Amino acid sequence: MTVIDSHLHVWDPSRAPYDWLGPALAPIDRAMGLADVRPELRAAGVTGAVLVQAADHDADTAHMLAVAAAHPEVVGVVAWVPLDDPGRARTRLAELRRNPYVVGVRALVHERPDPDWVLRPDVARGLDLLAGAGLPFDYVTSSPEALVHVPELAARHPGLRLVVDHLGKPPVGGGPAERAGWRELIGAAARHPQVHAKVSGLYSATGPLGSWTTEQVRPFVEDALDLFGPGRLMYGGDWPVSVLAGGYARGWAACLELLAPLSPADRAAVLGGTAATFYRIDPALLDAAREAAGLRGGGAAQGARTVSRGTRET
């Protein structure tokens, strides 16, 4: 089994500005590099990782691509493109498409003062360019309400593959009414076959990020499996934000427990197969990641299977 973490960040404030960082996020308000998380990736049996943009500028993309070139664990990069400037976007996409690491595009939609920014005509032209380039769009939200835009985006851009980051931030720790509202919104998105979702960043919505429990997260993962199916869901560790929510290992263990009832084939899809297919990851990069992880003999993947079996038995 090839395990792909579809949502991992790296950043270095000395190389690029990250306006949302600050003292309130002290544990991660510094350079966070692949070396910091590598031991946890290896302990989890993660074969490769997709780096996802953390700031809306080219410097962040350049940093991710430099990290990718230096580390065989990286099998893809979700870059930033100025979608609201179609002329610049066209030029930038032409540049990025020449790099085998670039597998998608994201913008910090939830940081925009205009909540309908992603529906603007100039952004629509940028998204059409993205679809024409064959690259998918990561859609990030800070709350479930923004999921209302996903069905409209899917209808407007039928050739654009979309993935909802963090299941659209479901109300983990909330009550039945909040869950029902989230399910209705993400269910409308799931009715469009080109829309996928990431089982990632599922932290408490009612208190400190780390106050979540596996049982609080369970109904949202079960709903997502029901609405999307394993073939349109992908695992993401959301490091280093996960540091604020109990750490990478805690999130990984919860994910394995929640996926334990699935068949081996369905579990393999969520843990790697969906990401490889959705992002159209270069097989050569996957082979290099497997070799770097020592998977020619099946070592790390066997570790992931062993943990999964142990979780299911308990």
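Look up: the structure comes first, before these words.
Below, the structure is looked at part by part. Just so we're clear, the structure is a prediction, and the values are computed from it rather than from any experiment.

Conventions adopted
Residues numbered from 1 in each chain as written. Predicted model: local features only at pLDDT ≥ 70, side-chain atom pairs only at ≥ 80, totals over all residues. Heavy atoms only, no water. Helix = DSSP H or I, 4+ residues; strand = E, 2+ residues; numbered from the N terminus. Rg over C-alpha atoms; globule rule 2.2 N^0.38 Å. Buried < 20%, exposed > 50% of the residue type's maximum accessible area, 1.4 Å probe, protein only. Contact = heavy atoms within 4.5 Å. Areas by Shrake-Rupley, 256 points an atom, 1.4 Å probe, with all protein chains shown as cover. 1 Å grid on protein atoms, 1.4 Å probe; cavity = no way out; pocket = protein on both sides within 12 Å on 5 of 7 lines; lining within 4 Å. Points joined across faces, edges and corners; volume = space filled by probe spheres on them. Nonpolar A, V, L, I, M, F, W, Y, C, P; charged D, E, K, R; others polar. Phe/Tyr/Trp six-rings, centres within 6.5 Å; stacked < 30°, edge-to-face > 60°. Lys NZ or Arg CZ within 6 Å of the ring centre and 35° of its normal. Pairing = 2+ DSSP bridges. Right-handed = clockwise from strand over helix to strand, strands pointing away.

### Examining the overall build of the protein
Looking only at helices and strands, the protein features 11 helices and 8 strands. For a compact globule of 314 residues, the expected C-alpha radius of gyration is about 20 Å, and the protein comes in at 18 Å, within 12% of that figure. Principal axes of the C-alpha set define a box for the protein whose edges measure 55 × 45 × 40 Å. Counting the 314 residues in the protein, one finds 56% classified as buried. Counting only contacts in the protein whose residues sit at least 6 apart along the sequence, the fraction spanning at least 24 positions is 80%. Put simply, the protein shows about 12,300 Å² of open surface, and 55% of that area lies on carbon and sulfur atoms.

### Digging into unusual backbone geometry
Here Trp239 and Pro240 are connected by a cis peptide whose omega angle stands at 5°. You can see Pro240 is positioned in the loop between strand 8 (233-235) and helix 8 (248-259). The residue His166 is not glycine, and still its phi comes out positive at about 55°. Along the chain, His166 falls in the loop between strand 6 (162-164) and helix 6 (176-190). Of note, Asp238 is a non-glycine position whose phi angle comes to about 55°, a positive value. Tracing the backbone shows Asp238 in the loop between strand 8 and helix 8.

### Considering the layout of surface pockets
What the largest pocket holds in volume is close to 440 Å³. Taken together, the residues that form the lining of the largest pocket break down as 11 nonpolar, 6 polar and 4 charged. Estimated volume of the second largest pocket: approximately 180 Å³. What lines the second largest pocket is simply Pro17, Tyr18, Asp19, Trp20, Ala55, Asp56, His57, Leu108, Glu111 and Arg112. Among the residues making up the lining of the second largest pocket, the classes are represented as 5 nonpolar, 1 polar and 4 charged.

### Considering the packing of aromatic side chains
A full pass over the atoms with the stated rule returns 5 aromatic pairs. Centroid distance Trp11 to Trp20: 5.1 Å. Interplanar angle 90°. Geometry classified as edge-to-face. Note on Trp11: relative accessible area 1%, which makes it buried. An angle of 80° between the planes, with centres 5.2 Å apart, marks the rings of Trp182 and Phe220 as edge-to-face. Within this pair, whereas Trp182 is found in helix 6, its partner Phe220 is found in helix 7 (residues 214-228), the two being separated by 38 residues in sequence. In this structure Trp182 comes out as buried when scored by relative accessible area, which is 1%. Three or more aromatic residues link up through ring pairs in this structure, and these residues are Trp11, Tyr18 and Trp20. Positioned over the ring face of Trp212 is Arg250, at 3.9 Å from the centre of the ring.

### What to know about the environment of Trp117
Here Trp117 is to be found in the loop between strand 4 (102-106) and helix 4 (121-132). Setting aside residues up to four positions removed in sequence, Trp117 forms contacts with Leu83, Asp84, Ala107, Val109, Arg112 and Val123.

### Some thoughts on the environment of Glu73
Locating Glu73 in the fold gives a position in the loop between helix 2 (58-70) and strand 3 (74-79). Judged by relative accessible area, Glu73 falls into the buried class, the value being 13%. In this structure, the C-alpha to C-alpha distance between Glu73 and Val46, residues 27 residues apart in sequence, is 8.8 Å. In this structure, Glu73 is in contact with Leu34, Arg38, Arg42, Thr47, Gly48, Ala49 and Ala289, ignoring residues within four places of it in sequence.

### A short note on the pairing of strand 4
Looking along a regular strand, one sees side chains alternate from face to face of the sheet. Extensive coverage of strand 4 is indicated by the burial of 5 of its 5 residues. Pairing analysis gives 3 bridges linking strand 3 to strand 4, with the strands arranged parallel. Bridge pairing in strand 4 places Ala79 opposite Val105. Following the chain from strand 3 across helix 3 (residues 86-96) to the adjacent parallel strand 4, one finds a crossover that is right-handed. Pairing of strand 4 with strand 5 (residues 137-139), which is carried by 2 bridges, proceeds in the parallel orientation. Across the sheet, residue Arg106 finds its bridge partner in strand 5, namely Asp138. Read from strand 4 through helix 4 to strand 5, the crossover connection turns out right-handed.

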